Amino acid sequence: MNRLACLLPVPSQRLADLYRTAFVTGASAGLGRAFTEMLLAEGVRVWGTARDTGRLAEMASTHPAQFTPVVLDLADTTAAVGAFQRAQQSAGGAFDLVINNAGYGVFGRFETTEFAVWEAQVRAMLGASMQLAHVALAAMRQANRGCLVNVASLAVEFPLPFMSGYNVAKAGLAAFSESLVIETKGSGITVIDLRPGDFRTDFNQSMQTASASSAPREPMLDRSWTALDANLRAAPPPAAAAAGLRRALLRRRSGTVRLGSFFQARLAPLGAAWLPAGLRRALACRYFGI
Ligand SMILES: NC(=O)c1ccc[n+]([C@@H]2O[C@H](COP(=O)([O-])OP(=O)(O)OC[C@H]3O[C@@H](n4cnc5c(N)ncnc54)[C@H](OP(=O)(O)O)[C@@H]3O)[C@@H](O)[C@H]2O)c1
(Lines give C-alpha, C1' and ligand atoms only; values in the text may rest on other atoms or scores of the structure.)
Protein backbone atom coordinates (compact mmCIF):
# COMPACT_ATOMS: atom_id res chain seq x y z
CA MET A 1 0.00 0.00 0.00
CA ASN A 2 1.13 3.54 -0.71
CA ARG A 3 2.84 4.94 2.42
CA LEU A 4 0.99 8.24 2.30
CA ALA A 5 -2.35 6.43 2.04
CA CYS A 6 -1.57 4.74 5.38
CA LEU A 7 -1.38 8.17 7.02
CA LEU A 8 -4.75 9.36 5.72
CA PRO A 9 -7.63 9.03 8.19
CA VAL A 10 -10.00 6.21 7.18
CA PRO A 11 -13.57 7.58 7.03
CA SER A 12 -14.98 5.07 9.48
CA GLN A 13 -18.36 6.77 9.91
CA ARG A 14 -21.26 5.18 8.05
CA LEU A 15 -23.57 7.40 6.04
CA ALA A 16 -26.55 5.89 7.87
CA ASP A 17 -25.29 7.62 11.04
CA LEU A 18 -25.92 10.96 9.29
CA TYR A 19 -28.65 10.18 6.76
CA ARG A 20 -31.31 7.61 7.65
CA THR A 21 -33.50 8.22 4.57
CA ALA A 22 -32.78 9.28 1.00
CA PHE A 23 -34.76 10.00 -2.17
CA VAL A 24 -32.89 9.49 -5.46
CA THR A 25 -34.37 10.37 -8.86
CA GLY A 26 -33.19 8.27 -11.80
CA ALA A 27 -32.14 5.34 -9.60
CA SER A 28 -32.58 2.76 -12.36
CA ALA A 29 -29.34 3.34 -14.26
CA GLY A 30 -25.93 4.97 -14.42
CA LEU A 31 -24.98 7.46 -11.72
CA GLY A 32 -28.32 7.31 -9.89
CA ARG A 33 -28.10 3.55 -9.62
CA ALA A 34 -24.51 3.74 -8.36
CA PHE A 35 -25.52 6.41 -5.79
CA THR A 36 -28.42 4.22 -4.67
CA GLU A 37 -26.29 1.08 -4.35
CA MET A 38 -23.69 3.02 -2.36
CA LEU A 39 -26.37 4.40 0.00
CA LEU A 40 -27.92 0.96 0.47
CA ALA A 41 -24.49 -0.51 1.26
CA GLU A 42 -24.09 2.26 3.86
CA GLY A 43 -27.34 1.26 5.58
CA VAL A 44 -29.47 4.20 4.34
CA ARG A 45 -33.16 3.59 3.48
CA VAL A 46 -33.68 4.69 -0.12
CA TRP A 47 -36.73 5.67 -2.17
CA GLY A 48 -35.50 5.40 -5.77
CA THR A 49 -37.31 6.45 -8.93
CA ALA A 50 -37.72 5.37 -12.54
CA ARG A 51 -40.40 5.90 -15.15
CA ASP A 52 -40.88 2.13 -15.20
CA THR A 53 -40.31 0.51 -11.81
CA GLY A 54 -39.56 -2.79 -13.59
CA ARG A 55 -36.09 -1.25 -13.97
CA LEU A 56 -35.82 -1.13 -10.15
CA ALA A 57 -37.04 -4.69 -9.52
CA GLU A 58 -33.59 -6.12 -8.86
CA MET A 59 -32.73 -3.56 -6.16
CA ALA A 60 -36.18 -3.96 -4.63
CA SER A 61 -35.78 -7.73 -4.41
CA THR A 62 -32.21 -7.63 -3.01
CA HIS A 63 -33.08 -4.93 -0.42
CA PRO A 64 -36.80 -5.47 0.34
CA ALA A 65 -36.73 -3.71 3.72
CA GLN A 66 -34.42 -0.88 2.65
CA PHE A 67 -35.43 0.08 -0.88
CA THR A 68 -38.78 1.50 -2.07
CA PRO A 69 -39.36 1.86 -5.84
CA VAL A 70 -41.20 5.02 -6.94
CA VAL A 71 -42.66 5.80 -10.37
CA LEU A 72 -41.59 9.31 -11.37
CA ASP A 73 -41.44 11.00 -14.77
CA LEU A 74 -39.99 14.51 -14.77
CA ALA A 75 -42.08 15.26 -17.86
CA ASP A 76 -45.22 15.19 -15.68
CA THR A 77 -44.38 17.68 -12.92
CA THR A 78 -47.70 17.41 -11.07
CA ALA A 79 -47.51 13.63 -10.86
CA ALA A 80 -43.80 13.78 -9.96
CA VAL A 81 -44.46 16.18 -7.06
CA GLY A 82 -47.34 13.96 -5.89
CA ALA A 83 -45.09 10.89 -5.93
CA PHE A 84 -42.41 12.78 -4.01
CA GLN A 85 -44.89 14.02 -1.38
CA ARG A 86 -46.21 10.49 -0.78
CA ALA A 87 -42.68 9.13 -0.41
CA GLN A 88 -41.78 11.98 1.93
CA GLN A 89 -44.78 11.20 4.13
CA SER A 90 -43.86 7.53 4.32
CA ALA A 91 -40.29 8.53 5.23
CA GLY A 92 -41.56 10.38 8.31
CA GLY A 93 -42.28 13.85 6.92
CA ALA A 94 -38.85 14.89 5.63
CA PHE A 95 -35.97 13.15 3.85
CA ASP A 96 -32.46 13.43 5.28
CA LEU A 97 -31.09 13.39 1.74
CA VAL A 98 -32.62 14.22 -1.65
CA ILE A 99 -30.62 13.69 -4.84
CA ASN A 100 -32.01 15.38 -7.95
CA ASN A 101 -30.17 13.14 -10.40
CA ALA A 102 -32.54 12.11 -13.21
CA GLY A 103 -31.84 13.66 -16.58
CA TYR A 104 -31.40 12.99 -20.29
CA GLY A 105 -29.67 14.44 -23.30
CA VAL A 106 -30.99 15.71 -26.60
CA PHE A 107 -28.45 16.01 -29.40
CA GLY A 108 -29.21 18.32 -32.33
CA ARG A 109 -28.74 21.74 -33.86
CA PHE A 110 -30.77 24.33 -31.93
CA GLU A 111 -32.59 26.05 -34.79
CA THR A 112 -33.45 22.95 -36.80
CA THR A 113 -34.91 21.11 -33.82
CA GLU A 114 -38.52 21.70 -32.76
CA PHE A 115 -38.48 24.34 -30.03
CA ALA A 116 -40.92 22.18 -28.03
CA VAL A 117 -38.16 19.59 -27.61
CA TRP A 118 -35.83 22.07 -25.88
CA GLU A 119 -38.68 23.56 -23.89
CA ALA A 120 -39.73 20.12 -22.60
CA GLN A 121 -36.16 19.28 -21.64
CA VAL A 122 -35.60 22.47 -19.65
CA ARG A 123 -39.01 22.14 -18.00
CA ALA A 124 -38.28 18.54 -16.96
CA MET A 125 -34.64 18.77 -15.94
CA LEU A 126 -34.69 22.25 -14.39
CA GLY A 127 -38.35 23.11 -13.64
CA ALA A 128 -39.44 19.75 -12.22
CA SER A 129 -36.18 19.32 -10.26
CA MET A 130 -36.67 22.76 -8.72
CA GLN A 131 -40.23 21.87 -7.81
CA LEU A 132 -39.13 18.66 -6.04
CA ALA A 133 -36.51 20.71 -4.19
CA HIS A 134 -39.21 23.22 -3.18
CA VAL A 135 -41.23 20.50 -1.45
CA ALA A 136 -38.14 18.79 0.00
CA LEU A 137 -36.61 21.99 1.43
CA ALA A 138 -39.86 23.11 3.06
CA ALA A 139 -39.88 19.84 5.02
CA MET A 140 -36.15 20.04 5.76
CA ARG A 141 -36.66 23.56 7.17
CA GLN A 142 -39.27 22.21 9.57
CA ALA A 143 -36.85 19.49 10.66
CA ASN A 144 -33.90 21.93 10.57
CA ARG A 145 -31.78 19.23 8.94
CA GLY A 146 -31.27 17.60 5.56
CA CYS A 147 -29.13 17.65 2.45
CA LEU A 148 -30.12 18.45 -1.14
CA VAL A 149 -27.84 17.34 -3.98
CA ASN A 150 -28.50 18.74 -7.44
CA VAL A 151 -26.62 16.83 -10.14
CA ALA A 152 -25.39 19.43 -12.62
CA SER A 153 -22.37 18.76 -14.88
CA LEU A 154 -19.01 19.97 -16.08
CA ALA A 155 -21.19 21.25 -18.96
CA VAL A 156 -21.93 24.25 -16.71
CA GLU A 157 -18.40 25.47 -17.47
CA PHE A 158 -17.83 23.72 -20.80
CA PRO A 159 -21.18 23.48 -22.65
CA LEU A 160 -21.53 20.31 -24.72
CA PRO A 161 -21.86 20.85 -28.48
CA PHE A 162 -25.35 20.54 -29.98
CA MET A 163 -26.91 20.00 -26.57
CA SER A 164 -28.23 23.51 -25.91
CA GLY A 165 -31.27 22.46 -23.84
CA TYR A 166 -29.09 20.26 -21.65
CA ASN A 167 -26.51 23.02 -21.14
CA VAL A 168 -29.25 25.51 -20.17
CA ALA A 169 -30.83 23.06 -17.72
CA LYS A 170 -27.50 22.25 -16.05
CA ALA A 171 -26.35 25.88 -15.84
CA GLY A 172 -29.75 26.75 -14.35
CA LEU A 173 -29.49 23.93 -11.84
CA ALA A 174 -26.03 25.11 -10.77
CA ALA A 175 -27.30 28.69 -10.34
CA PHE A 176 -30.24 27.32 -8.36
CA SER A 177 -27.89 25.35 -6.06
CA GLU A 178 -25.71 28.42 -5.53
CA SER A 179 -28.79 30.44 -4.55
CA LEU A 180 -29.78 27.77 -2.03
CA VAL A 181 -26.25 27.48 -0.60
CA ILE A 182 -26.58 31.13 0.36
CA GLU A 183 -30.19 30.88 1.55
CA THR A 184 -29.53 27.86 3.81
CA LYS A 185 -26.41 29.33 5.43
CA GLY A 186 -26.51 28.96 9.20
CA SER A 187 -29.26 26.33 9.07
CA GLY A 188 -28.95 22.58 9.55
CA ILE A 189 -29.46 22.12 5.80
CA THR A 190 -26.67 21.55 3.28
CA VAL A 191 -26.89 21.98 -0.49
CA ILE A 192 -24.42 20.37 -2.90
CA ASP A 193 -23.96 21.49 -6.49
CA LEU A 194 -22.59 18.22 -7.89
CA ARG A 195 -20.71 18.59 -11.18
CA PRO A 196 -19.64 15.27 -12.63
CA GLY A 197 -17.32 15.08 -15.61
CA ASP A 198 -17.74 12.06 -17.90
CA PHE A 199 -18.74 8.74 -16.35
CA ARG A 200 -19.30 5.53 -18.31
CA THR A 201 -23.09 5.20 -18.23
CA ASP A 202 -25.80 4.57 -20.85
CA PHE A 203 -26.40 8.33 -21.08
CA ASN A 204 -25.41 8.52 -24.76
CA GLN A 205 -27.37 5.39 -25.70
CA SER A 206 -30.47 6.97 -24.11
CA MET A 207 -29.78 10.35 -25.74
CA GLN A 208 -32.59 11.55 -27.97
CA THR A 209 -31.32 12.43 -31.41
CA ALA A 210 -33.25 15.49 -32.42
CA SER A 211 -32.67 15.50 -36.17
CA ALA A 212 -35.19 13.63 -38.31
CA SER A 213 -33.78 10.52 -39.98
CA SER A 214 -34.46 12.16 -43.36
CA ALA A 215 -32.32 15.24 -42.50
CA PRO A 216 -28.97 15.46 -44.33
CA ARG A 217 -26.06 14.38 -42.14
CA GLU A 218 -23.73 17.13 -41.05
CA PRO A 219 -20.03 16.29 -40.72
CA MET A 220 -19.66 18.74 -37.82
CA LEU A 221 -22.40 17.00 -35.82
CA ASP A 222 -20.94 13.60 -36.67
CA ARG A 223 -17.49 14.65 -35.43
CA SER A 224 -18.93 16.10 -32.22
CA TRP A 225 -20.95 12.97 -31.57
CA THR A 226 -17.88 10.77 -32.14
CA ALA A 227 -15.88 12.86 -29.63
CA LEU A 228 -18.69 12.87 -27.05
CA ASP A 229 -19.13 9.13 -27.32
CA ALA A 230 -15.40 8.35 -27.22
CA ASN A 231 -15.05 10.45 -24.04
CA LEU A 232 -17.91 8.66 -22.31
CA ARG A 233 -16.65 5.19 -23.29
CA ALA A 234 -13.19 5.98 -21.88
CA ALA A 235 -14.55 7.54 -18.70
CA PRO A 236 -14.40 6.12 -15.16
CA PRO A 237 -17.24 3.83 -13.97
CA PRO A 238 -20.25 5.24 -12.05
CA ALA A 239 -19.04 3.57 -8.82
CA ALA A 240 -16.17 6.10 -8.79
CA ALA A 241 -18.74 8.94 -8.79
CA ALA A 242 -20.59 7.25 -5.92
CA ALA A 243 -17.36 7.07 -3.89
CA GLY A 244 -16.84 10.80 -4.49
CA LEU A 245 -20.39 11.61 -3.46
CA ARG A 246 -19.95 9.51 -0.31
CA ARG A 247 -16.89 11.56 0.69
CA ALA A 248 -18.80 14.81 0.06
CA LEU A 249 -21.77 13.64 2.13
CA LEU A 250 -19.52 12.70 5.04
CA ARG A 251 -18.03 16.23 5.01
CA ARG A 252 -21.54 17.71 5.49
CA ARG A 253 -20.63 21.00 3.83
CA SER A 254 -22.57 23.02 1.29
CA GLY A 255 -20.85 23.94 -1.97
CA THR A 256 -19.70 22.75 -5.38
CA VAL A 257 -18.33 19.22 -5.64
CA ARG A 258 -16.60 18.10 -8.84
CA LEU A 259 -16.26 14.46 -9.75
CA GLY A 260 -14.32 12.72 -12.50
CA SER A 261 -10.86 12.25 -13.95
CA PHE A 262 -8.03 14.55 -12.81
CA PHE A 263 -8.28 16.39 -16.12
CA GLN A 264 -12.05 16.98 -15.93
CA ALA A 265 -12.49 17.47 -12.18
CA ARG A 266 -9.33 19.52 -11.50
CA LEU A 267 -7.68 20.99 -14.61
CA ALA A 268 -10.79 21.85 -16.66
CA PRO A 269 -12.45 23.95 -13.89
CA LEU A 270 -9.13 25.76 -13.37
CA GLY A 271 -9.03 26.48 -17.08
CA ALA A 272 -12.62 27.70 -16.99
CA ALA A 273 -11.75 30.11 -14.19
CA TRP A 274 -8.45 31.46 -15.52
CA LEU A 275 -8.26 31.11 -19.31
CA PRO A 276 -9.52 33.97 -21.50
CA ALA A 277 -12.96 33.10 -22.90
CA GLY A 278 -11.73 33.05 -26.51
CA LEU A 279 -8.98 30.56 -25.75
CA ARG A 280 -11.30 28.44 -23.64
CA ARG A 281 -13.80 28.23 -26.51
CA ALA A 282 -11.08 27.43 -29.03
CA LEU A 283 -9.83 24.56 -26.85
CA ALA A 284 -13.37 23.24 -26.32
CA CYS A 285 -14.06 23.33 -30.08
CA ARG A 286 -10.82 21.45 -30.74
CA TYR A 287 -11.70 18.89 -28.05
CA PHE A 288 -15.07 18.23 -29.71
CA GLY A 289 -13.80 18.25 -33.30
CA ILE A 290 -15.63 21.45 -34.31
N1 LIG B 1 -22.72 10.15 -17.32
C2 LIG B 1 -22.08 11.29 -17.32
O3 LIG B 1 -20.97 11.38 -17.82
C4 LIG B 1 -22.70 12.52 -16.68
C5 LIG B 1 -21.89 13.65 -16.56
C6 LIG B 1 -22.43 14.79 -15.96
C7 LIG B 1 -23.73 14.79 -15.50
N8 LIG B 1 -24.49 13.67 -15.64
C9 LIG B 1 -25.86 13.72 -15.13
O10 LIG B 1 -26.08 12.64 -14.26
C11 LIG B 1 -27.46 12.30 -14.28
C12 LIG B 1 -27.57 10.80 -14.55
O13 LIG B 1 -27.07 10.53 -15.84
P14 LIG B 1 -26.50 9.09 -16.26
O15 LIG B 1 -25.24 9.31 -16.98
O16 LIG B 1 -26.54 8.19 -15.12
O17 LIG B 1 -27.60 8.69 -17.35
P18 LIG B 1 -28.43 7.34 -17.59
O19 LIG B 1 -27.57 6.15 -17.37
O20 LIG B 1 -29.07 7.52 -18.92
O21 LIG B 1 -29.55 7.38 -16.42
C22 LIG B 1 -30.51 8.39 -16.43
C23 LIG B 1 -31.50 8.17 -15.31
O24 LIG B 1 -32.43 9.25 -15.33
C25 LIG B 1 -33.74 8.74 -15.48
N26 LIG B 1 -34.53 9.60 -16.37
C27 LIG B 1 -34.25 9.96 -17.63
N28 LIG B 1 -35.21 10.75 -18.11
C29 LIG B 1 -36.13 10.88 -17.14
C30 LIG B 1 -37.37 11.57 -17.02
N31 LIG B 1 -37.92 12.28 -18.03
N32 LIG B 1 -38.05 11.49 -15.85
C33 LIG B 1 -37.56 10.76 -14.83
N34 LIG B 1 -36.42 10.07 -14.87
C35 LIG B 1 -35.71 10.15 -16.01
C36 LIG B 1 -33.59 7.33 -16.05
O37 LIG B 1 -34.67 6.55 -15.56
P38 LIG B 1 -35.65 5.66 -16.49
O39 LIG B 1 -35.19 5.79 -17.90
O40 LIG B 1 -35.51 4.27 -15.95
O41 LIG B 1 -36.99 6.24 -16.22
C42 LIG B 1 -32.27 6.90 -15.44
O43 LIG B 1 -32.46 6.34 -14.16
C44 LIG B 1 -28.11 13.15 -15.36
O45 LIG B 1 -28.73 14.28 -14.78
C46 LIG B 1 -26.92 13.57 -16.21
O47 LIG B 1 -27.17 14.79 -16.86
C48 LIG B 1 -24.01 12.53 -16.23
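Residues numbered from 1 in each chain as written. Predicted model: local features only at pLDDT ≥ 70, side-chain atom pairs only at ≥ 80, totals over all residues. Heavy atoms only, no water.

Some thoughts on the site of the ligand
- Among the 30 residues in the neighbourhood of the ligand, the closest are listed as S28, N101, Y166, F199 and T201.
- The separation between an oxygen atom of the ligand and a polar main-chain atom of G197 is 3.4 Å.
- With respect to the ligand, the side chain of T201 contributes an N or O atom lying 2.6 Å from an oxygen atom.
- Protein contact buries 94% of the 890 Å² of open area that the ligand shows by itself.
- Elements supplying a minimum of two residues to the shell around the ligand: α2 (30-41), α6 (164-183) and α7 (203-206).
- By residue class, the composition of the shell around the ligand is 15 nonpolar, nine polar and six charged. (Near = heavy atom within 4 Å. Polar contact = N/O pair within 3.5 Å; in protein donor to acceptor, adjacent residues only side chain to side chain. Areas by Shrake-Rupley, 256 points an atom, 1.4 Å probe, with all protein chains shown as cover. Helix = DSSP H or I, 4+ residues; strand = E, 2+ residues; numbered from the N terminus. Nonpolar A, V, L, I, M, F, W, Y, C, P; charged D, E, K, R; others polar.)

So, the confidence of the model for the protein chain
- For the protein chain, mean pLDDT is 94; residues scoring 70 or higher make up 94% of the total.
- Across residues 1-6 the pLDDT falls below 50, and counting only partners more than four positions away or on other chains, this stretch makes one contact in the model. (pLDDT = per-residue confidence, 0-100. Contact = heavy atoms within 4.5 Å.)

Considerations on the nonpolar core
- Of all hydrophobic cores here, the largest spans 43 residues; its most connected members are F23, F84, F95 and V98.
- Counting residues per element, the ones that place at least two in this core are α4 (77-90), α5 (115-143), α6, β7 (189-196) and α8 (219-233).
- Sort the elements by how many residues they give to this core and α5 lands first, with 10 residues.
- Beyond its immediate chain neighbours, meaning those up to four positions away, F84 contacts F23, F95, V98, L132, V135 and A136. (Core = buried A, V, L, I, M, F, W, Y, C linked by side-chain atoms within 4.5 Å. Buried < 20%, exposed > 50% of the residue type's maximum accessible area, 1.4 Å probe, protein only.)

Comments concerning the pattern of salt bridges
- Per the stated rule, a full pass over the model turns up 10 salt bridges.
- With its nearest N and O atoms 3.6 Å apart, the salt bridge here joins E58 to R33. Taken as a pair, E58 in helix α3 (residues 57-62) and R33 in helix α2 lie far apart in primary sequence, 25 residues in all.
- E157 is the partner of R195 in a salt bridge, and the nearest nitrogen-oxygen pair spans 3.0 Å. (Salt bridge = Lys/Arg side-chain N within 4 Å of Asp/Glu carboxyl O.)

Some remarks on unusual backbone geometry
- Of note in the backbone geometry, F162 takes a positive phi value of approximately 60° without being a glycine.
- Locating F162 in the fold gives a position in the loop between β6 (146-151) and α6.
- You will see that R252, though not glycine, has its phi angle at about 55°, which is positive.
- Inspection of the secondary structure puts R252 in the loop between α9 (238-251) and β9 (255-259).

Some details on α9
- With 14 residues, α9 should reach 20 Å at 1.5 Å per residue; the first-to-last C-alpha distance of 20 Å fits that figure.
- Residues of α9 that are buried: P238, A241, A242, G244, L245, R246, A248, L249 and L250.
- Where α9 is buried, its residues contact α2, β4 (97-100), β6, β7 and β9.
- Among the residues trailing α9, R252 stands out with phi positive, at a value near 55°. (Expected span 1.5 Å × (residues − 1).)

Focus on the side chain of R195
- Residue placement: R195 occurs in strand β7.
- For R195, a relative accessible area of 12% gives the class buried.
- Reaching out from R195, the side chain makes a polar contact with the side chain of E157 at a distance of 3.0 Å.

Quick notes on the environment of A152
- Within the fold, A152 resides in the loop between β6 and α6.
- According to the relative accessible area criterion, A152 is buried, its value standing at 3%.
- Each C-alpha atom, one on A152 and one on Q89, is 27 Å from the other, the two residues being 63 residues apart in sequence.
- Not counting the four nearest positions on each side in its chain, A152 is found in contact with K170, A174, D193, L194, R195 and P196.

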